[in-house]
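# Close look at the chain arrangement
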Amino acid sequence: MDYVPVMYATFWALVPPVVAIVLALITKEVYSSLFLGILVGGLFYSGFSFEGTVLHIFEDGIVGVLSDSYNVGILVFLVILGAIVSLMNRAGGSAAFGRWASEHIKTRTGAQLVTVALGVLIFIDDYFNCLTVGSVMRPVTDKHNISRAKLAYLIDATAAPVCIIAPISSWAAAVTGFVEGEDGLALFVSAIPYNFYAILTIVMMITIAILNIDFGSMKVHEDNAKKGDLFTTPDRPYGNAEGLDNVGNGSVKDLLIPILSLIICCVIGMIYTGGFFDGADFVTAFSNSDASIGLAIGSAFALVITILLYVSRKVLGFKECMNCIPEGFKAMVPAIMILTFAWTLKAMTDSLGAAEFVANLIKSSSQGMVALLPAIIFLVGCFLAFATGTSWGTFGILIPIVVDAFQTTHPALMTVAISACMAGAVCGDHCSPISDTTIMASAGAQCNHVNHVSTQLPYAVSVAVISFITYIVAGFTQSALISLPVGIILLLAYLLFMKKRAK
């Protein structure tokens, strides 16, 4: 008989991630906070036995998540991407793009809007989005004295929200896989107009860039950046990556060709894993793809293309190219460590039955007022994704429950409820310090992780509150044509109020 801990599927299952998140926000130190959360999870699972705790943390936790093939694929992708970024920097591609952009992008608003536009264009996968947009836009935003915290917010707020409303993305593929007994892709597409959190986040970013609105701790970071301090805190992460201005003799194409080859190779890698070359059509191949293997294969080909490009154009010598690979690995070590701990923490909450606890909560509440259910599901999704740091895990738990609850009784509300699951998952994931996307955004912007989380939180929570109200409207009207404009008007009114207040 399988061992079931005493605290399984109870409120205690959510305590370890809460401990990690609260400690990270108080101490401003991520590694120890995550590890203490893992320790609490291990103690709860083993019933406070010393040997059981150590075994669960290392055998089922750290070693377990690092021997998971999907996770290893993501780490391989990260390391290769780090190497490509290091190559582009050494060749002078990033500096050349920075010079080109400083001639063509004249204002802070322009730099922010280009960052958002690039994030929207790279909708294939959120990991890929975070790191690519970060490495391309960092020299530009630095020149315009935009704080690293603001850059991290812009990267993070385009990554997941864009992926969750793009039908051809690894996210659409994941959601499609969770919908049993329905045409997953058709349902995903019909849910897009109801994905209020994602749409309102994009509206918010464009508005704050154009109208120059900042509030909360982000305002402190932005005010300091205008005076030349991009970091605000003494901590300078990735400090050795500074000073790209006079590096290499590369041109803008030494940045564009590697990035385009990365995008093309990753798309081919993903559709290859989905069976495109065995006769499946493009959309089916994408929805059946294995993002982890596809991104690892694609990025490896892009790395080879980049090295061949630089060596053939005599921008870098072969030996220099090889020296960049360990450099790129080193730049990714902080992100890899935080990811490993975050995955381990998720393994702890899974072993304590957090998913079952939340599923029981929803099933017991779904007898009440039906029109309010999408708003309630949105909140549950937010909370679960915030506590576990995973939006995909949250879809996996909530979407089957929603399909179960609505399929026969309220099919018209099912689309709204499923988009509420997705929006809640993205929102919680966006706010969570232990989310892999949040960690990647910090790495992409080369920003202190706790700074990124604390400056982003007031923005994300504002959109979440307005999304919650919009889901109440959608539950009663069941029309995106009514509810979405209501949400946008509320958001714009709120932002104008905050601008007035900041003055």
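Calculation criteria
- Residues numbered from 1 in each chain as written.
- Predicted model: local features only at pLDDT ≥ 70, side-chain atom pairs only at ≥ 80, totals over all residues.
- Heavy atoms only, no water.
- Salt bridge = Lys/Arg side-chain N within 4 Å of Asp/Glu carboxyl O.
- Helix = DSSP H or I, 4+ residues; strand = E, 2+ residues; numbered from the N terminus.
- pLDDT = per-residue confidence, 0-100.
- Contact = heavy atoms within 4.5 Å.
- Core = buried A, V, L, I, M, F, W, Y, C linked by side-chain atoms within 4.5 Å.
- Buried < 20%, exposed > 50% of the residue type's maximum accessible area, 1.4 Å probe, protein only.
- Axes fitted to C-alpha atoms, helices over the stretch in contact; angles between N-to-C directions.
- Parallel < 35°, antiparallel > 145°, perpendicular 65-115°, else oblique.
- Nonpolar A, V, L, I, M, F, W, Y, C, P; charged D, E, K, R; others polar.
- Left-handed = near helix turned anticlockwise from the far one by under 90°.

## Observations concerning the pattern of salt bridges
The full count for this structure, using the stated rule, is eight salt bridges. Asp254 is paired through a salt bridge with Arg313; the nearest N and O atoms lie 2.4 Å apart. One end of the pair, Asp254, is in helix α13 (residues 253–273); the other, Arg313, is in the loop between α15 (291–312) and α16 (318–351), and 59 residues separate them in sequence. Between Lys346 and Asp350 there is a salt bridge whose closest N-O contact spans 2.7 Å.

## Notes on the confidence of the model for the protein
With 92% of its residues at a pLDDT of at least 70, the protein reaches an overall mean of 85. Helix α9 (residues 170–178) is the least confidently modelled element of the protein, averaging 66 in pLDDT, while helix α11 (residues 196–211) averages 95, the highest of any element. Taken together, the stretch residues 239–245 has pLDDT below 50 and engages in nine contacts with residues farther than four places along the chain or on a different chain.

## As for the nonpolar core
One broad rule of soluble globular proteins: the nonpolar side chains tend to lie buried together. By size, the foremost hydrophobic cluster in this structure holds 156 residues, and its most contacted members are Tyr153, Ile164, Tyr197, Met204, Tyr310, Phe378 and Met422. Those residues within four positions of Tyr310 in sequence are excluded, and the remaining contacts are Leu87, Met88, Ala91, Asp254, Pro258, Val315, Leu316 and Cys321.

## Focus on the packing of helix α8 (residues 148–163) against helix α12 (residues 217–226)
Running from amino to carboxyl end, α8 crosses α12 at an angle of 125°, the nearest separation of the two axes being 8 Å. With respect to each other, α8 and α12 are oriented oblique. Touching Ala149, Lys150 and Tyr153 of α8 are Met218, His221 and Glu222, all from α12. Of the residues assigned to the contact of α8 with α12, the class counts are three nonpolar, one polar and two charged.

## Quick word on the environment of Val175
Checked against the element boundaries, Val175 lands in helix α9. As for Val175 and Leu187, which are separated by twelve residues in sequence, their C-alpha atoms are 9.5 Å apart.

## Describing the packing of helix α18 (residues 373–388) against helix α20 (residues 411–431)
Their axes nearest at 7 Å, the elements α18 and α20 cross at an angle of 30°. Considering their axes alone, α18 and α20 lie roughly parallel with respect to each other. The handedness of the crossing between α18 and α20 comes out as right-handed. Along its contact with α18, which presents Pro374, Ile377, Phe378, Gly381, Cys382, Ala385 and Phe386, the element α20 presents Leu413, Val416, Ala417, Ala420, Cys421, Ala423, Gly424, Ala425, Cys427, Gly428, Asp429 and Cys431. Residue classes in the contact of α18 with α20 are distributed as 15 nonpolar, three polar and one charged.

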